[in-house]
Every structure is written in C-alpha cells, then in structure tokens.
Amino acid sequence: MSGIEIRKITANIGAQVFGVDLTEPLDEKTATALRDALNAHKALVFSDVNLDDEGQQAFARHFGELTTAHPTVPAVDGAPNVLPVDSEGGRAANHWHTDVTFVLNPPQASTLRSLTIPPYGGETLIADSAAAYRDLPEPLRRLADDLWAEHTNDYDYAVPEETLDEEQAARRAQFTSITYRTAHPVVRVHPLTGERGLFVGGFAQRIVGLSTGESRKLLDLFQSYVTRPENVLRHRWSENQLVLFDNRITQHYAVDNYDGLPRRLHRVTVAGDVPVGVEGKESWSVEGDASHYTAVAA
Ligand SMILES: [Fe+2]
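As a convention, each chain's residues are numbered from 1 in the sequence order in which they are written. Since the coordinates come from a predicted model, pLDDT governs what is reported: local features require at least 70, and pairs of side-chain atoms require 80 or more to be given and counted, while whole-chain, interface and lining totals use all residues. To obtain the side-chain values, all non-hydrogen atoms of the structure were included, while hydrogens and water were left out.

- Per an unreviewed UniProt entry, the protein goes by the name TauD/TfdA family dioxygenase and belongs to Streptomyces pseudovenezuelae.
- UniProt positions are given in the numbering used here, feature names are shortened, and annotations may be inferred rather than shown by experiment. The UniProt entry for the protein carries the following comment under Cofactor (unreviewed entry): "Fe(2+)".

**Some thoughts on empty space enclosed by the protein**
Gaps left between atoms show up when a probe the size of a water molecule is rolled over them.
Point 1. Grid points spaced at 1 Å over the protein atoms alone were grouped into cavities, where a 1.4 Å probe fits but cannot get out, and pockets, open sets with protein on both sides within 12 Å along at least five of seven lines, with lining residues defined by an atom within 4 Å of a point. Grid points are joined across faces, edges and corners, and a volume is the space filled by probe spheres set on the points. Taken as a whole and judged by the stated rule, the model has one cavity of 30 Å³ or more.
Point 2. Approximately 30 Å³ is the volume attributed to the largest cavity.
Point 3. Runs of H or I in DSSP of at least four residues are treated as helices and runs of E of at least two as strands, each being numbered from the N terminus. Elements with a contribution of two residues or more to the lining of the largest cavity: strand E10 (196-198) and strand E14 (250-254).
Point 4. Charged residues are taken to be Asp, Glu, Lys and Arg, nonpolar residues to be Ala, Val, Leu, Ile, Met, Phe, Trp, Tyr, Cys and Pro, and polar residues to be all remaining types, Gly included. Here the residues of the lining of the largest cavity sort into three nonpolar, five polar and one charged.

**A look at the sheet that holds strand E6 (residues 124-128)**
Point 1. Pairing between strands is defined by DSSP: at least two bridges between the two strands are required. In spatial order, the strands read E12-E6-E14; together these three strands make up an open sheet with antiparallel pairing. Pairing within the sheet leaves two strands with one partner each, and these edge strands are strand E12 (232-235) and E14. The sheet shows a mean angle of 20° between the axes of neighbouring strands, taken without regard to direction.
Point 2. Where E6 lies against E12, four bridges are found, and the strand directions are antiparallel. In the strand pairing of E12, Ala127 is matched with Val232. Lines fitted to C-alpha atoms define the axes here, with helix axes fitted over just the stretch in contact, and angles between the N-to-C directions of these axes take values from 0 to 180 degrees.

Here is the structure:
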C-alpha cells in the first residue's frame, strides 16, 4: 500500500496517519512505514479505524508479541489481551505514568482504542521523554545518566488509603495483589533509535541509594521537564480512533475533566524488552514475577 500519509501534530510528538486500512492485515511495506513513523513521532493517531477487539489485537501484533491485559487487573471478558479502561471502573489514570513500568520488561508499545467518549474532556496527554532529556541542562543530564529508580505498583498514589470507599479499596487491593518492584535506569536508551529518554513517571518512587525525601525532589525535578507543554501532545478523542504510542520513550496522563460521564477505551499492549541505561546496564527485578503477564522481547 502506498497511500500512507503522516501528518505531524506537534514539533516534538504526535502524528496523524491517513491512508491505511487497519481492518486489513498490513503488508510489510506499510508495517515498516508505521514502525518508522512510531520511532520518529512516538505517538500515532488513526481515525475511523472500525476495529473490534480482534482487529485491535491483530494490529498491535504487527509491532510484536502481545502481553496479557495486565499483571493483576482482569481482562475484557473473552479477550485476555485486552484491558478495559473505563471511567465506571474507576481506574483513575489521571497521573503521569508509563504503562506497567513496575515490571522488569514493561510493554514497548500501547494501543488505545476509543469506544465511548464523553461530549467534553477526557483527553489523553502523551509526553515525549526524549525531548525532556534534551531540555535538561548539561549538569542535570549527567546526573540523570548515572541514576536508577525503583518502580513499584504498591504505593499510595493519588488517594490516601483512609479516604477510599469499599469499591476503591477492593480495586486497589486487586491492583497490588502481587507487589512488584523493579530498578530501571532514569535515562533509558531506546533500543531502535538510540535516543535517550527520562524513564521515570508515576511508578518511580525512589532513586536507588537516596532517601525517600531526596528521591522525591529529584524525581519531581526531572518530571517537570517531561510535562513541559512543548513536550506534550494533548489528544482530544473521537470515537472509533486508535492511538499507538511508544511506551519506551513517552509518559501519558488521562485528564479527569469530564464530570464522570461514560468514557471507555480498550488497551492492548506489545511485550517489551528489558530497559538499558546509558552504560549498557540492564534493569533488574527486586520483587515480583511477571512471567504470566509478558514474554521478554528480544
Ligand atoms: Fe496508562
């Protein structure tokens, strides 16, 4: 297929893709063009995709083997690779994060497909963590290059335990039914492009070798570069869209600005490789086995 057209949305991140029928298997040339576009733009937006769960999974498979839905959260009924992202399920994602970084090899790419979109709000923000790294002043870049951070799913993000209602408490118990802790490089080298990106985000809770208080200050400092408006794509959803983003070099945030109206996306993720820092050292697992969730990509 040669009718593919890629239109940038912002200077740093995001492109719209036209001229590809995602309901058909992609030929090798198109698949390569999309992989190149993903490397270049980090987030790709497809409209009028007309996919069901099967089709979304088939599309995601062009980028590698799929993970199951989540290490601890149940899949969509009958679709073990599909995670429901549902306002009614209360899975608040209104914090900056990279998907599932608490495991040793987080998914390399995520796809989100819009089923129900509120009449206003409900955008997804996607940030370019490589632009964030480039924005750091040289002394901070050198500091970041040497640091490792421990990522975990078991921490009190967003809501203090005592303010949770019964349903929220049950969801939290499920989310943390297996505790994961993994040390990742603060600066991850992208295996395909060689780009360096700040690999932090919500699950990064502690810098290896530093106290909690010191860690928080440094993580907040690095994070402030990731969330600069220039580094962020603000995607306003329509129904029947698919957004594909590179989970190795982005963070994202689901904006909670739609008054609790129905909003439903389906997520399918592609198994990832073990992250590598600037010195070539790989991440290591501190706690929790994720082999039921994901294979390790080469
Ligand atoms: Fe997410």
